[in-house]
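Structure assessment
Listed here are the chains, written in short residue letters.
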Amino acid sequence: MSWGTELWDQFDNLEKHTQWGIDVLEKYIKFVKERTEIELSYAKQLRNLSKKYQPKKNSKEEEEYRYTSTRAFLATLNEMNDYAGQHEVISENMTSLITAELTRYVQELKQERKSHFHDGRKAQQHIETCWKQLEASKRRFERDCKEADRAQQYFEKMDADINVTKADVEKARQQAQLRHQMAEDSKAEYSSTLQKFNSEQHEHYYTHIPNIFQKIQEMEERRIVRIGESMKTFAEVDRQVIPIIGKCLDEITKAAESVDHKNDSQMVIEAFKSGFEPPGDVDFEDFTQPMKRTVSESSLSNSRGDGKSEPKFGSKSKGKLWPFIKKNKLMSLLTSPHQPPPPPPASASPSAVPNGPQSPKQQKEPLSHRFNEFMTSKPKIHCFRSLKRGLSLKLGAGPEDFSNLPPEQRRKKLQQKVDELNRDIQKEMDSRDALTKMKDVYIKNPQMGDAASVDHRLAELGQNIEKLRLEVQKFEGWLAEVEGRLPARTEQPRRQSGVYEAQNPSGVNSCAQDRESPDGSYTEEQSQETEMKVPATDFDDEFDDEEPLPTIGTCKALYTFEGQNEGTISVAEGELLYVIEEDKGDGWTRIRRNEDEEGYVPTSYVEVYLDKNAKDVHKPLQKISE
């Protein structure tokens, strides 16, 4: 089966067919190119989809991904990202293995086809030229034969005419002979041309054209094979990524199977458990004697342990519990230590009991009396200022020791902080070790660098490590304090310094506080609103306009004091602090450590150095001689 023998006369059709084959190849290239564009677009959309649902860094969403269900969803998003990557691989492989290769092959195919059909046209032109030469020789032979016949007839006519001279007859005879000779020459030439044409024609149809058509056939068959191989590659490119896509789907299945509802339920407990005990029964309060109300010893406000406060406005409070109500703004500001200060330790040793035994609680007085006293006692307005600052601290970023959190949550936060600091210390130590090795190399090989150039950095790393260790000790101390107060998770937790706790009033100059819940909420109702009718806007304006209290001196802590009650502040032995309010006779001195940390300490625990000229809250702390 050969095109040269079977299709010897179909030159034009073969030309059209081969051009159609090239068009089909170009169409397939365009199809593959559009497929690669679709794969890229699909991969891009998958990546955007995965990115859209990824948790934002340092946001609340990131904290939510600690549950197994959300972690499984995050794993699904990551696997979808890898899944998109495989579609990008498909696009890249199809572009390099099919589109680029076929495009180059099409250019080569066009050049080869052009060459073959050029040779075919050249052969056809040659055979047509031979045919024209044969036709010309044939016509010349035919013309010479006719001329010879006419000359012969003219000679015979002249020879038969008796009136024609002998010379005319001889001339006619010579002319006839000449024509016959020319006819013979034309015959010989025609015969030679005919033989030559037959030879060329045989060569054309049995040698040249078959060879050219055979090359065209081979070219077309290579094109067909090439397009078939490309289609096979098209399928193989997809098949190559199927195992990886299968792994992605297997990982998604594995992530789905890792979802543990029990574990997620336990994590919810760990995330929101406060560590407080449920409130006890609310006792009956006898209002037959308005000024001598009984104290509800088992009520929720007394579940805090030492800091018990009397219930106020109880006519409507029995149906309202602290976890479900908002804090009254005015009452949240009426706090200060109303308990007699503890006596100083018998020994100045830091191991002595810091707080010591406390004196019995004094009898409480009605909130209305305290409020009236507060409204008439203008010098005590600083109580609002400090409490407003404490409230803003609680509502803002929170204190450094996380004392605004429930005990269990505080313990977790402190443990996380300790772990974070330990990791920072390890990084700094690794950097220091690396620099130390570098310094040793410089010492042994001075040409590599100056050993003294790393001393400054080593000193900085040492200082950083020391600071971090001090921070770790500080947070470990707070952590030990929390864990020590909750050994079996059954004790009634008490709030730390910076979160105010209700105490018994010790004098007329103390600010009052109503019954407070463990998270700072209150359970008072508004049955006594007639005694507390003060415009809220007046208080707000006064709080916003007031500046921090000026310092009136400095003090040095003689003993370590752990301020566990609301309104107090913890101090360490030998620590230097600012004094912002001296003892008013109740045994407490108000001090400040920094702009956001202040409170009361027992006067007997500090040595006070009053400075009448100290009016600036930012005045640097002077060094006190021993």
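Here, every reference points to the structure presented above.
Attention in this report is confined to the structure presented alongside it.

A few words on the overall build of the protein. Along the protein, the regular secondary structure elements total 12 helices and five strands. Looking at the protein as a whole, 38% of its 626 residues are labelled buried. Pairs at least 24 residues apart make up 76% of the contacts formed inside the protein by residues separated by at least 6 positions. Accessible surface computed for the protein: about 36500 Å², of which carbon and sulfur atoms make up 53%.

Moving on to the nonpolar core. Leu25, Tyr28, Met94, Ile98, Phe213 and Ile216 are the most contacted members of the largest nonpolar core, which has 31 residues in total. Elements that contribute at least two residues to this core include exactly helix H2 (11-52), helix H4 (68-160) and helix H5 (166-257). Here the element with the most residues in this core is H4; it accounts for 11 residues. The contacts of Ile98, once residues within four sequence positions are left out, are Tyr28, Val32, Asn93, Thr103, Ser230, Thr233 and Phe234. Counting 14 residues, the second-largest nonpolar core is a separate cluster that includes Phe561, Ile591, Tyr605 and Val606.

The final tally for this structure, using the stated rule, is 23 salt bridges. Between Glu189 and Arg140 there is a salt bridge; the shortest N-O distance is 2.8 Å. Placement of the pair is Glu189 in helix H5 and Arg140 in helix H4, with a sequence separation of 49 residues. Given a relative accessible area of 38%, Glu189 falls into the partly exposed group. Overall, the relative accessible area of 28% leaves Arg140 in the partly exposed class. For Lys146, the salt bridge identified is with Glu142, shortest N-O distance 3.5 Å. Residue Lys146 and its partner Glu142 are located together in helix H4, separated by four residues, close to a single helical turn.

Turning our attention to the packing of aromatic side chains. Tallied over the entire structure, the rule returns 11 aromatic pairs. For the pair Trp8 and Tyr205, a centre-to-centre distance of 5.2 Å together with 85 degrees between the ring planes defines the contact as edge-to-face. Here the residue Trp8 occupies a position in the loop between helix H1 (3-6) and H2, and Tyr205 occupies one in helix H5, the gap between them amounting to 197 residues. Given a relative accessible area of 29%, Tyr205 falls into the partly exposed group. Their ring planes at 50 degrees and their centres at 5.2 Å tell us that Trp131 and Phe197 sit as a pair that is tilted. In this pair, Trp131 is assigned in helix H4 and Phe197 in helix H5, connecting sequence segments 66 residues apart. For Phe197, a relative accessible area of 4% gives the class buried. Aromatic rings pair up to connect Phe11, Phe117 and Phe213 into one cluster.

With a probe scaled to a water molecule rolled over the atoms, the places where space remains empty come into view. Size it by volume and the second largest pocket reaches roughly 590 Å³. Sorting the residues of the lining of the second largest pocket by element identifies helix H3 (60-64), helix H6 (261-272) and helix H10 (407-444) as the ones contributing at least two each.

On to the pairing of strand S1 (residues 553-557), then. Sheet faces and side chains relate simply in a regular strand, where the side chains alternate between the two faces. Within S1, five of the five residues are buried, leaving the element largely enclosed by the surrounding structure. Burial along S1 is two-sided: Gly553, Cys555 and Ala557 facing one way and Thr554 and Lys556 facing the other are all buried. Across four bridges, S1 lies against strand S2 (residues 576-581) in antiparallel orientation. Note that in S2 the partner of Cys555 across the bridge is Leu577.

Turning next to the environment of Glu170. Within the secondary structure, Glu170 is located in helix H5. Here Glu170 falls in the partly exposed class, since its relative accessible area comes to 32%. Residues Glu170 and Phe155, 15 residues apart in the sequence, show an inter-C-alpha distance of 8.4 Å.

All right, on to the side chain of Glu428 then. For Glu428, the location among the structural elements is in helix H10. Residue contacts for Glu428: discarding those within four places in its chain leaves Leu461, Asn464, Ile465 and Leu468.

Okay, the sheet that holds strand S3 (residues 588-594) next. Pairing within the open sheet is antiparallel, and its five strands lie in the order S4-S3-S2-S1-S5. Looking at the sheet topology across the chains shown, the edges are occupied by strand S4 (597-602) and strand S5 (606-610). Each strand axis lies, on average, 40 degrees off the axis of its neighbour in the sheet, ignoring direction. Note: S1 against S5, five bridges, orientation antiparallel. Its bridge partner lying in S5, Thr554 is registered against Tyr609.

The next subject is H5. Compared with an ideal rise of 1.5 Å per residue, which puts 92 residues at 136 Å, H5 spans 133 Å between its outermost C-alpha atoms and is within 8% of the ideal. The axis of H5 is deflected most strongly, by about 40 degrees, at His204.

About the cut-offs
Residues numbered from 1 in each chain as written. Predicted model: local features only at pLDDT ≥ 70, side-chain atom pairs only at ≥ 80, totals over all residues. Heavy atoms only, no water. Helix = DSSP H or I, 4+ residues; strand = E, 2+ residues; numbered from the N terminus. Buried < 20%, exposed > 50% of the residue type's maximum accessible area, 1.4 Å probe, protein only. Contact = heavy atoms within 4.5 Å. Areas by Shrake-Rupley, 256 points an atom, 1.4 Å probe, with all protein chains shown as cover. Core = buried A, V, L, I, M, F, W, Y, C linked by side-chain atoms within 4.5 Å. Salt bridge = Lys/Arg side-chain N within 4 Å of Asp/Glu carboxyl O. Phe/Tyr/Trp six-rings, centres within 6.5 Å; stacked < 30°, edge-to-face > 60°. 1 Å grid on protein atoms, 1.4 Å probe; cavity = no way out; pocket = protein on both sides within 12 Å on 5 of 7 lines; lining within 4 Å. Points joined across faces, edges and corners; volume = space filled by probe spheres on them. Pairing = 2+ DSSP bridges. Axes fitted to C-alpha atoms, helices over the stretch in contact; angles between N-to-C directions. Expected span 1.5 Å × (residues − 1). Bend = angle between axes of the 7 residues up to and from the residue.

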